[in-house]
Amino acid sequence: MRSAAGKILNAGRPDIAGMQRGACPALAAPMQTGDGLLVRLRPAGGALTVSQFQRLACAAALHGNGILAITARGNLQIRGLRSDTVGPLTAAVDNAGIIVPDGVAIEISPLHGIDAEEIADAAEMEAVLRHKLGDLLNSAHLAPKLSILIDGGGRFSLSALTADIRIVAQPSGQWLVSIAGDEEGATPLALGNADAAADAASDLLQMLAAHGRRARARDIDAAALTARFPDIDSIRSTRPVPKKSSFVGITALGNGRAALGVRLTFGQARAADLISFLTSAESAGAEEIRLAPDRGFFVIGLPETAMPAIRKAAVDHGFSVRANEPAEQVAACAGAGACASGFYETRVLAGRLMDRAPALFDGSMKLHLSGCAKGCAHRRADLAIVGSAEGYGFIVGGLAADPPAARIAGERIDFAIERLARLIEDNRGAGESSADCLQRLGASGLAEALQQE
Ligand code: SF4
C-alpha cells in the first residue's frame, strides 16, 4: 500500500481512537499502533553486546515487521508485532540474555563508566538506587511513564531530556536531585552522596505512589515538597548547564580505542541492515553497543584504525555518522507503506523538504512528519506536517493532534513546500534562525503564505 509521493492514502486505515500516546509499551504491555503491536524496551544500563543486538534485530524481523526504532530518549522499539508473536519475542529477548528491568524507567549517561570526562559513574548510582528502592520501583501505584534520569556528567550530557526525577553529578562529587523538567527547568531539592540521593528519590516515589497511577512529579504539592526538603530554596546546581553535543561521529576512549556514534535515519532501521552492519563492526573489534538519546547508538571498543572502514559500512547501510546532517532535524514516523494508519509517506516528504526547502535546515528547526494525528515520532515540534483524509495539516509549535494552522490537499504539497521555503527565506532577519523566524510569524503567517496563489 505504497503511495505515489505526495498522494494522500485513505483506504483500510485503522481508527486511531484508543491508540493515543500516554501508555508505556513495555514488553509486558505492548501498545496497539497502526502497524500492529509495539514494544519499547530499555536493556539494563542501555547496553547490549554486539551479538545481543544482532539477535534482537533477528527477533524483530521474525516476530515483528523487521523495523527497529531508537527513540529520542535512546530506547529501543520493535514494531509490527501481533498478539501471538509478543510471547516468542519475549522468549528471544530472554534467550539472548538481555535483561530488561521492570518498573520505573531509569535512564543513564550512555558512556557511563568509560567516559574519561564523567564526574561519576551513573551505573553505580543506578545500582545504589535499585538496591535501596527495591520493590518501590515496581509499585503498581506509580505512573507507567514515570522516568528517573541519572547524569554522571562527561561528554554526552542528558541535560536536554526531561524527567520526573533527575539525579545529576555535581563538580563537588555530590549528586543533585531535582524534579520535573530538563536540567534547566527542573526544581532542585536535595544535594548529597549517593545514599542521600537515593533516599530523596525514594521519598519522591512514595509521594507519587500516594497520589496514584496518573501522578507525575510536577503534580507533587509544593507544601509537601518543602516539608520533606526544607532546604529547597537554597539548593542550586553547581554545574553550568552543558551545551548539547551530538553523539554522532568518533569519540576517543583512550588506549587507541574509540566509540562510533551512529544515528538511525529518522530513528528507524531495517533489521537486515542492522544485522549486516553489526557483523562488520564485530569483525573490526566492536565489543559493545550503548543506546544513545537522539535516535542512535554507540559502537564501543573499535580500534581507531578501523574507523574509516566502519564509518563507510554504516553509511552503506543507510546510517548517519556525521553530526548536524539535515535529517537530524526531522522526526518522521513509520508513515504510509509501513503503518496502516499513515496517510502519506513521511520519509518521501522528508527527502523533498530537504531538497526543496534548504532554508529550513539551518540546524535550529525541529520538524515532525507524522502520517496521522497520533504523532508517534515526537511530542512538540517547531513545525509538524500531519496526514489526514483531507490532506496535510501544518501545525506551528504544537502536537500532531492539535488543530492545524493550514490544511493542504495532497496534490498541492509541492506548492506548499515552495511557499514554506520562500516564507522563511524572505522573512528571516539578520542572525535570526529559521525556527525563530517561523515562531515569530506564527500560525497566521504560515496560513497566509500557504493560502496565497
Ligand atoms: S503517527 Fe505514524 S506510525 Fe503512528 S499510527 Fe500514525 S501513521 Fe502510524
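Note that the structure is a prediction, hence the values are computed from the model and not measured.

## Topic: the site of the ligand
Right, so step 1: In the vicinity of the ligand, the residues found are Gly34, Arg79, Cys333, Ala334, Cys339, Ser341, Gly342, Ser370, Gly371, Cys372, Gly375 and Cys376.
Right, so step 2: Of the residues contributing to the shell around the ligand, the split by class is 5 nonpolar, 6 polar and 1 charged.

## A few points about the pattern of salt bridges
Right, so step 1: Under the definition given, this model contains 20 salt bridges.
Right, so step 2: One salt bridge connects arginine 440 with glutamate 432, and the closest N-O pair in it is separated by 2.9 Å.
Right, so step 3: Taken together, the shared-partner salt bridges in this structure form one network comprising Asp115, Glu117 and Arg155.

## Some remarks on the sheet that holds strand 10 (residues 187-192)
Right, so step 1: Strand order in the open sheet formed by 5 strands is 6-7-8-9-10, and the pairing between neighbours is mixed. Across the chains shown, the open sheet's two edge strands, defined by having one partner strand only, are strand 6 (105-108) and strand 10. Neighbour-to-neighbour, the strand axes of the sheet open up by a mean angle of 20°, direction not taken into account.
Right, so step 2: One ladder, built from 5 bridges, connects strand 9 (residues 175-181) with strand 10; its direction is antiparallel. Within the sheet, the bridge partner assigned to leucine 176 lies in strand 10 and is leucine 191.
Right, so step 3: Strand contacts of helix 3 (residues 122-133): strand 6, strand 7 (147-151), strand 8 (163-169) and strand 9, with the helix running at about 160° to strand 6, the strand carrying the most contacts.
Right, so step 4: Sheet strands touched by helix 4 (residues 194-211): strand 7, strand 8, strand 9 and strand 10. Its angle to strand 9, the strand with the most contacts, is close to 25°.

## Things to note about the sheet that holds strand 5 (residues 76-81)
Note: strands within a sheet are paired through backbone hydrogen bonds, in either parallel or antiparallel orientation.
Right, so step 1: Reading across from one edge, 1-2-5-4-13 is the order of the 5 strands in this open sheet, with antiparallel pairing throughout. If you trace the sheet from one side to the other, it starts and ends with strand 1 (31-33) and strand 13 (268-270), each paired once. Each strand axis lies, on average, 30° off the axis of its neighbour in the sheet, ignoring direction.
Right, so step 2: With 4 bridges joining them, strand 2 (residues 36-41) and strand 5 adopt antiparallel strand pairing. Bridge pairing links leucine 37 to leucine 81 in strand 5.

## Notes on the nonpolar core
Right, so step 1: Core analysis: the biggest nonpolar cluster contains 44 residues, and Phe53, Leu68, Leu76, Ile78, Phe277, Phe297 and Val299 have the highest contact counts within it.
Right, so step 2: By residue number, the principal contributor to this core is helix 1 (residues 50-63), which donates 6 residues.
Right, so step 3: Core analysis: the next-biggest nonpolar cluster, separate from the first, contains 38 residues, Leu133, Leu136, Ala169 and Leu204 among them.

## A look at the side chain of arginine 216
Right, so step 1: With respect to the helices and strands, the residue arginine 216 is situated in the loop between helix 4 and helix 5 (222-228).
Right, so step 2: One polar contact links the side chain of arginine 216 to the main-chain carbonyl oxygen of lysine 145, over a distance of 3.2 Å.
Right, so step 3: Engagement of the side chain of arginine 216 in a polar contact is seen with the side chain of aspartate 164, the distance being 2.9 Å.

## A few points about the pairing of strand 2
Right, so step 1: For strand 2, the tally of buried residues reaches 5 of 6 residues, placing the bulk of the element in the interior.
Right, so step 2: Direction of pairing for strand 1 relative to strand 2: antiparallel, over a ladder of 3 bridges. Following the sheet pairing, glutamine 32 is matched in strand 2 by leucine 37.
Right, so step 3: Linking two consecutive strands that pair antiparallel, namely strand 1 and strand 2, is a turn of 2 residues.

## Considerations on the domain arrangement of the protein
Right, so step 1: Segmenting the protein into domains produces domain 1 (31-102 + 247-327), domain 2 (111-228) and domain 3 (341-450).
Right, so step 2: Facing the 11 residues of domain 1 at the interface are 9 residues of domain 3.
Right, so step 3: Between domain 1 and domain 3 lies a buried interface of about 710 Å² when both sides are counted; carbon and sulfur atoms form 57% of it.
Right, so step 4: Inspection of the domain 1/domain 3 interface yields 0 salt bridges.
Right, so step 5: On the surface where domain 1 and domain 3 come into contact, there are 2 residue pairs in polar contact (both at pLDDT 80 or more).

## Looking at the side chain of histidine 63
Right, so step 1: Position of histidine 63 among the secondary structure elements: in helix 1.
Right, so step 2: Its relative accessible area of 14% is what places histidine 63 among the buried residues.
Right, so step 3: Among residues more than four places away in sequence, those in contact with histidine 63 are Gly80, Leu81, Arg82, Thr85, Pro88 and Leu89.

About the thresholds
Residues numbered from 1 in each chain as written. Predicted model: local features only at pLDDT ≥ 70, side-chain atom pairs only at ≥ 80, totals over all residues. Heavy atoms only, no water. Near = heavy atom within 4 Å. Nonpolar A, V, L, I, M, F, W, Y, C, P; charged D, E, K, R; others polar. Salt bridge = Lys/Arg side-chain N within 4 Å of Asp/Glu carboxyl O. Pairing = 2+ DSSP bridges. Helix = DSSP H or I, 4+ residues; strand = E, 2+ residues; numbered from the N terminus. Axes fitted to C-alpha atoms, helices over the stretch in contact; angles between N-to-C directions. Contact = heavy atoms within 4.5 Å. Core = buried A, V, L, I, M, F, W, Y, C linked by side-chain atoms within 4.5 Å. Buried < 20%, exposed > 50% of the residue type's maximum accessible area, 1.4 Å probe, protein only. Polar contact = N/O pair within 3.5 Å; in protein donor to acceptor, adjacent residues only side chain to side chain. Domains from an automatic or database assignment. Buried area = accessible area lost by both parts, 1.4 Å probe.

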